[in-house]
Amino acid sequence: MTRLIPLLLALSISSILAKDLRSDLQAAGVTAVFPGDSGYPSASEAFNLRFTFKPVAVSFPATPEQVSSAVKLGSSYGHHVAARSGGHSYIANGLGGSNGVLVVDMRNFTKVSVDAGAGTATIEIGNRLGNVALALNDAGRALPHGTCPYVGLGGHSGYGGFGFTSRMWGMTLDTIRSIHMVLPNGTITTASNTSNSDLFWAMRGSAGSFGITTAIEVTTFEAPPSATFYQYTWNMNVQDAANAMAKFQTYVETNIPPQLGGELVITKGSVRGNVTFALVGAWYGPSAQLNSTLAPYLTSLAPPRNISLQSGTYIESVANIGGGPLDTTAAPDKNDTFYAKSLMTPEKSPMSNSALRAFASYMANQGFDSNTNWFVEVELYGGKNSAINAVAPDATAFAHRSSMFTIQFYASSESGLPPYPTSGLSFLDGMVNSITSNSPPNWDYGAYPNYIDSRLKDWQWRYYGRHYERLRSLKKMYDPRDLFDFPTAIED
């Protein structure tokens, strides 16, 4: 019995502290759910069901002042604090990546104010990408962003924000003019090039480590008059797939226009030794010019077995690419159980023929044998005329301004539900290794922070490169107590 006394005492203290935190949040006007509340299971569920964490509470502030109160209370009660926008972090960083974190859920921050004349918009950070696209389109404006309508603006804009318009307009974070935010000490402030400029630099590439964004002011773009969503599909053996990837590398080094966005999508083949290979993307120039733009690449390959071309308005293309309605309030989000990795390839050192062949062979053989549902996206970031790489390397904390591709490697459990097979982890690690182990020893590749990887050992360098030391110095300045701490947070 005596062994139970310390445990019972600890549980009693924890219950008292949770009760006091609840009372203090209520006194500050902040709605929250705690363990045992009916809304807690859904509020604390991760998008990726590989991860299960138990926050001390999930709070739902509705004003910057309430965010400040939640941050101060989390600190005073000795809890780490994590902000969650859409909750799509691949490793559940929006739940803090551990138990006992106070989650500040930003779902109440959904206002969008557009100044079409000035070409700007102020967007609250709880918005999902689909709703942002709709609100901007109502004013004839647009923003570069990813394809999934349910992704939250917070993490997306805080760590990158790639989409098919990015070669034309840059990434989401490149459009940010100022950031309205709450600091670790609860101070409500604004960061821009003229105010808190060092913080503004850090927040555009590593936002979650430094503060909680409540809204961003962005530069918007005139929505294109038309857009074409295209997809060409082949069945390929190993050699054909390796050749097709090599030819794509060569093609994107030519003078392709910035209005072309695209990626290679590779999935399991119908037989061992084959893959399904697709060229997918969007064209934002005149529809009649798409064929001539893609012809240098397409004519180097065998005729595709299937071609899909969908032309229409810009907002119709956003919906087509996203695979459904853009209004995320109409239906709930869906979960998955998966492991993901990324690799950003340098323009100055494209993937070698030996690396491409090993990669193609791995997908065609080990990929066929895998007990996961997997895909690979070789996303076109660079090439000539890329707005992403036109940004100065040190202009923001985002470290990769000379990449040709970002490759996303993604494998779900067969049912999409837990448990995740252990073999899926080694399978995807091996897929990335098929490229890196067949590349030069000093190959300067990176990784994309929005495809966050729980098993990447040298993540500090791969995500942030030489920016990491400056980020550490700023972390010590703005968050010396590590209030905003999670598995891939900047270390002090």
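Look a little higher up for the structure.
Here's what I pulled together on the structure shown here. (Residues numbered from 1 in each chain as written. Predicted model: local features only at pLDDT ≥ 70, side-chain atom pairs only at ≥ 80, totals over all residues. Heavy atoms only, no water.)

Attention now goes to the overall build of the chain. The secondary structure content of the chain amounts to 16 helices and 18 strands. The globule rule puts the C-alpha radius of gyration for 492 residues at 23 Å, and the 23 Å found for the chain is close to it. In terms of principal-axis extent, the alpha carbons of the chain reach across some 70 × 60 × 45 Å. Across the 492 residues of the chain, 57% fall into the buried class. Put simply, 75% of the contacts in the chain that link residues at least 6 apart link residues at least 24 apart. Carbon and sulfur atoms form 52% of the exposed surface of the chain, whose accessible area is close to 19800 Å². (Helix = DSSP H or I, 4+ residues; strand = E, 2+ residues; numbered from the N terminus. Rg over C-alpha atoms; globule rule 2.2 N^0.38 Å. Buried < 20%, exposed > 50% of the residue type's maximum accessible area, 1.4 Å probe, protein only. Contact = heavy atoms within 4.5 Å. Areas by Shrake-Rupley, 256 points an atom, 1.4 Å probe, with all protein chains shown as cover.)

Turning our attention to the sheet that holds strand β4 (residues 102–105). Read from one edge of the open sheet, 4 strands run β1-β2-β4-β3, paired in mixed fashion. This sheet does not close on itself; its edge strands, each paired only once, are β1 (31–33) and β3 (81–84). Taking each pair of neighbouring strands and ignoring which way they run, the sheet shows an average axis angle of 25 degrees. As judged from the 4 bridges shared by β3 and β4, these two strands associate in the parallel manner. Bridge pairing in β4 places Ala82 opposite Val103. Contacts from helix α3 (residues 64–76) reach β2 (57–60), β3 and β4 within the one sheet, and its direction differs from that of β4 by about 170 degrees. (Pairing = 2+ DSSP bridges. Axes fitted to C-alpha atoms, helices over the stretch in contact; angles between N-to-C directions.)

Now for the packing of helix α7 (residues 197–206) against helix α16 (residues 468–478). Close contact between α7 and α16 brings their axes to 11 Å; oriented N to C, the two are set at 115 degrees. Considering only the axes of α7 and α16, their crossing is left-handed. Of α16, the residues touching α7 (which contributes Asp198, Leu199, Trp201, Ala202 and Ser206) are Arg470, Leu471, Leu474, Met477 and Tyr478. Counted by class, the contact of α7 with α16 contains 7 nonpolar, 1 polar and 2 charged residues. (Left-handed = near helix turned anticlockwise from the far one by under 90°. Nonpolar A, V, L, I, M, F, W, Y, C, P; charged D, E, K, R; others polar.)

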